[in-house]
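Residue-level structure breakdown
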Amino acid sequence: MATLRDSLGSLVADVDGLFLFSPSASVYERFDDSGVTRVVIAAENGVEADAFVELPLGFENVRDRIKFGVEGAMERGFVAEGDMVVCSLSMFGDDADSLVRVRVDESMRSGIYDLFIDSRAEPGVVRDVFEVAIDLGKKGQKGKPVGALFVVGDAGKVMNKSRPLSYNPFEKSHVHVGDPIVNVMLKEFSRLDGAFVVSDSGKIVSAYRYLEPSAEGVDIPKGLGARHMAGGAITRDTNAIAIVLSESDGMVRAFKGGDLILEIDPEEY
Ligand SMILES: Nc1ncnc2c1ncn2[C@@H]1O[C@H](COP(=O)(O)OP(=O)(O)OP(=O)(O)O)[C@@H](O)[C@H]1O
Ligand SMILES: [Mn+2]
């Protein structure tokens with residue numbers, strides 16, 4: 001009778017790549033002679049891997065984490081369409097506890113890697129805005145749920161397709177996302193209407209913008225309202241991305257090119 005080990009060996013049979021998500025040095029070294037391409041996907045390349053994809057967020061959702069890794073590895077030429085890879089990652093603790101076998105396929109591409117790496121705005125800026133939105137989603141404003149809309153990148157064009165709802169508190173300031181003081185300001189101003197506009201380099205260009213993009217051809221999921229429609233549509237009309245925190249369901253969603261690319265629950269972070 002086949003042992004468990006024999007039966008489960010098929011999970012790693014004939015793979016072209018091994019994707020190690022946030023491996024320790026000893027785990028990375030253990031696979032030194034595995035004979036397949038090793039790709040490390042982590043926040044930092046602490047193990048000095050030759051093939052490395054930087055993770056901008058933890059991605060609690062494992063499918064998102066894997067998609068980001070696969071899309072990044074494809075983009076960087078570490079693997080190609082049709083390759084079979086096995087992903088080693090941790091779902092519950094710090095140590096790897098899960099193996100996922102997946103075929104690299106153009107059809108699994110969700111745009112999650114492009115959202116961070118291939119946007120007009122710098123990857124660090126995109127990550128910083130996500131962090132503000134997640135934080136705001138977790139805590140709300142003084143305990144109450146709050147919504148927010150951040151339009152990131154291509155700010156000149158975004159300003160042309162919007163109008164002010166109120167005076168712009170960032171008018172003459174030169175403040176950037178990621179600065180702790182600025183994050184406090186963003187949270188404070190999120191109680192009021194409209195969108196924040198952020199430049200490619202992370203400068204807060206404006207608060208209280210009413211977006212007026214053409215919504216033609218924008219197909220956002222039913223049930224989402226005007227904030228999400230405006231956020232989605234502006235990313236079709238410009239090269240910006242939009243990061244939207246919903247006041248009603250508490251989710252953070254990201255749009256690019258008019259499409260919903262990513263949906264995360266702040267409570268999981
Ligand atoms: N075109 C727009 N530009 C900027 N902000 C907008 C626009 N439309 C709506 N908003 C903002 O979104 C807020 C919520 O609107 P609405 O409830 O229709 O959106 P929603 O997509 O359902 O978002 P939520 O899930 O947060 O309720 C409005 O009070 C306003 O501040
Ligand atoms: Mn609503």
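Residues numbered from 1 in each chain as written. Chains lettered and ligands numbered in written order. Predicted model: local features only at pLDDT ≥ 70, side-chain atom pairs only at ≥ 80, totals over all residues. Heavy atoms only, no water.

**Regarding the domain arrangement of the chain**
For the chain, the assigned domains are domain 1 (2-114) and domain 2 (119-268). Placing a centre on the C-alpha atoms of domain 1 and another on those of domain 2 gives a separation of 31 Å. Counting residues at the interface gives 9 residues for domain 1, matched by 10 residues for domain 2. Here domain 1 and domain 2 share an interface that buries about 740 Å² over both sides, 62% of which is from carbon and sulfur atoms. The largest share of the area that domain 1 buries against domain 2 comes from Leu 57, Glu 60 and Asp 114, three residues that together contribute 50% of it. Linking domain 1 with domain 2 are 0 salt bridges, by the criterion used here. For the side of domain 1 that touches domain 2, a count of residues per class yields 4 nonpolar, 2 polar and 3 charged. (Domains from an automatic or database assignment. Contact = heavy atoms within 4.5 Å. Buried area = accessible area lost by both parts, 1.4 Å probe. Salt bridge = Lys/Arg side-chain N within 4 Å of Asp/Glu carboxyl O. Nonpolar A, V, L, I, M, F, W, Y, C, P; charged D, E, K, R; others polar.)

**With respect to the pattern of salt bridges**
Within the structure shown, the criterion is met by 14 salt bridges. Its salt-bridge partner being Lys 187, residue Asp 135 comes within 2.5 Å of it at the nearest N-O pair. Taken as a pair, Asp 135 in helix α5 (residues 123-139) and Lys 187 in helix α7 (residues 180-189) lie far apart in primary sequence, 52 residues in all. In this structure, Arg 253 engages Glu 263 in a salt bridge whose closest nitrogen and oxygen atoms are separated by 2.6 Å. Here Glu 263 lies in strand β12 (residues 259-264) and Arg 253 lies in strand β11 (residues 252-256), a separation of 10 residues in the sequence. Of the residues examined, Arg 253 reaches a relative accessible area of 5% and is grouped as buried. Classification of Glu 263 as partly exposed rests on a relative accessible area of 37%. (Helix = DSSP H or I, 4+ residues; strand = E, 2+ residues; numbered from the N terminus. Buried < 20%, exposed > 50% of the residue type's maximum accessible area, 1.4 Å probe, protein only.)

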